[in-house]
Amino acid sequence: MSYKSRFLQLALDARALRFGEFTLKSGRLSPYFFNAGLFNTGTALAGLATCYADAIDAEGLAGSIKDFDLLFGPAYKGIPLATALACEYARRGRDLPVAFNRKEAKAHGEGGSLIGAPLGGRRVLVVDDVITAGTAIREALSIIRGAGGTPAGIVIALDRQEAVDPTVSRRSAAETVADEQGIPVVSVASLADLLAFTSADGTLADQQSRLLAYRDTYGSRTRG
């Protein structure tokens, strides 16, 4: 299986990916829902990390994000994702430093809002689950730059490929952040991949029409 298919199957097995009717934070009624927090065992996280690494390495072959030398996990879901990815790269023979932020700065002990390896002088790959409106990612990029690091790219698990506001623009949040910040945003899988995956699996074929209808209503300009 490709890393995209492996990821989607892992997500289904962990119930991190579900089909039904879900009201999103945006108020949209979605036929599917993704929650990376349900990759909550060592086995599930290890499998997820291999998918992230394969996606990054595949993109790295094209030359866009191969030069990163530190992994950054935005609080909170990005923290275990970046940590698991660092462990996977160590297994592959590449020992990468890891850093993450606190939601609130700590006034005692080591203090500050950053934990882990220093960001100064590093080319930093941000590891997160999704980009919804882009607010949290922009905050992470600001933290990295403020600490002397240079954002090299962003990798997320699932790109829903939907426009933030279809009445204004058909650009997705991931596209908007990539264009605005001048750095690549790579996803392990996208809505287009999910459509292909459900088409190939007879048990999921009945999800196709609802996924396509949702994409037609909210899909970004790059929808597959």
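All values derive from a computational prediction rather than experimental measurement.

**Remarks on helix 5 (residues 173-181)**
Most of helix 5 sits inside the fold, with seven of its nine residues counted as buried. Within the span of helix 5, buried status applies to Ala173, Ala174, Glu175, Thr176, Val177, Ala178 and Gln181. Along its buried surface, helix 5 packs onto helix 4 (135-146), strand 7 (150-159) and strand 8 (185-190). Among the residues trailing helix 5, glycine 182 stands out with phi positive, at a value near 70°.

**A few points about the UniProt feature "binding site: orotate" (unreviewed entry) in the chain**
UniProt records the feature "binding site: orotate" (unreviewed entry) at Phe33, Phe34, Thr132 and Arg160, using the numbering of this structure. What stands out for the annotated residues spanning 128 residues is how close their C-alpha atoms remain, the widest pair being 12.5 Å apart. Mapped onto the secondary structure, phenylalanine 33 falls in strand 2 (residues 29-34). On the basis of relative accessible area, phenylalanine 33 is assigned to the partly exposed category, the value being 27%.

**Examining the side chain of serine 190**
Relative to the helices and strands, serine 190 resides in strand 8. There is a polar contact of 3.4 Å between the side chain of serine 190 and the side chain of glutamine 161. Apart from residues no more than four positions distant in its own chain, serine 190 is found in contact with Leu158, Asp159 and Gln161.

**Let's talk about the packing of helix 1 (residues 3-13) against helix 6 (residues 191-200)**
Running from amino to carboxyl end, helix 1 crosses helix 6 at an angle of 80°, the nearest separation of the two axes being 10 Å. In terms of their interaxial angle, helix 1 and helix 6 are classed as roughly perpendicular. Note on element contacts: helix 6 touches helix 1 through Asp193, Leu194 and Phe197, opposite Lys4, Ser5, Leu8, Gln9 and Leu12. When the residues that make up the contact of helix 1 with helix 6 are grouped by side-chain class, the tally is four nonpolar, two polar and two charged.

**With respect to the environment of leucine 194**
Mapped onto the fold, leucine 194 is located in helix 6. Of the residues examined, leucine 194 reaches a relative accessible area of 1% and is grouped as buried. With 36 residues separating them in the primary sequence, leucine 194 and leucine 158 have C-alpha atoms 9.4 Å apart. In contact with leucine 194, other than residues within four places in its own chain, are Leu8, Leu17, Phe19, Tyr32 and Leu211.

Reading the values: the criteria
- Position numbers for residues count from 1 along each chain, tracking the sequence in the order it is written.
- Whole-chain, interface and lining totals are the exception, using all residues; otherwise, since this is a predicted model, local features are given only for residues with pLDDT of at least 70 and side-chain atom pairs are given and counted only at 80 or more.
- Side-chain measures here rest on the full set of heavy atoms in the structure, leaving out hydrogens and waters.
- Only protein chains enter the accessibility calculation, which uses a 1.4 Å probe; a residue is then buried when its area is under 20% of its type maximum, exposed when over 50%, and partly exposed in between.
- Elements are defined by DSSP. Helices are runs of H or I of four residues or more, strands are runs of E of two residues or more, and each kind is numbered from the N terminus.
- By definition, residues are in contact when any of their heavy atoms lie within 4.5 Å.
- UniProt positions are given in the numbering used here, feature names are shortened, and annotations may be inferred rather than shown by experiment.
- N or O atoms within 3.5 Å of each other form a polar contact, as long as, within protein, one can give a hydrogen and the other can take it, and as long as residues adjacent in sequence are counted only when both atoms are side-chain atoms.
- Geometry is summarised by axes, namely lines fitted to C-alpha atoms with helices restricted to the contacting stretch, and by angles between N-to-C directions that run from 0 to 180 degrees.
- The cut-offs work like this: below 35 degrees is roughly parallel, past 145 is roughly antiparallel, 65 to 115 is roughly perpendicular, and the gaps in between are oblique.
- Side-chain classes are defined by residue name, with Ala, Val, Leu, Ile, Met, Phe, Trp, Tyr, Cys and Pro counting as nonpolar, Asp, Glu, Lys and Arg as charged, and the others, Gly among them, as polar.

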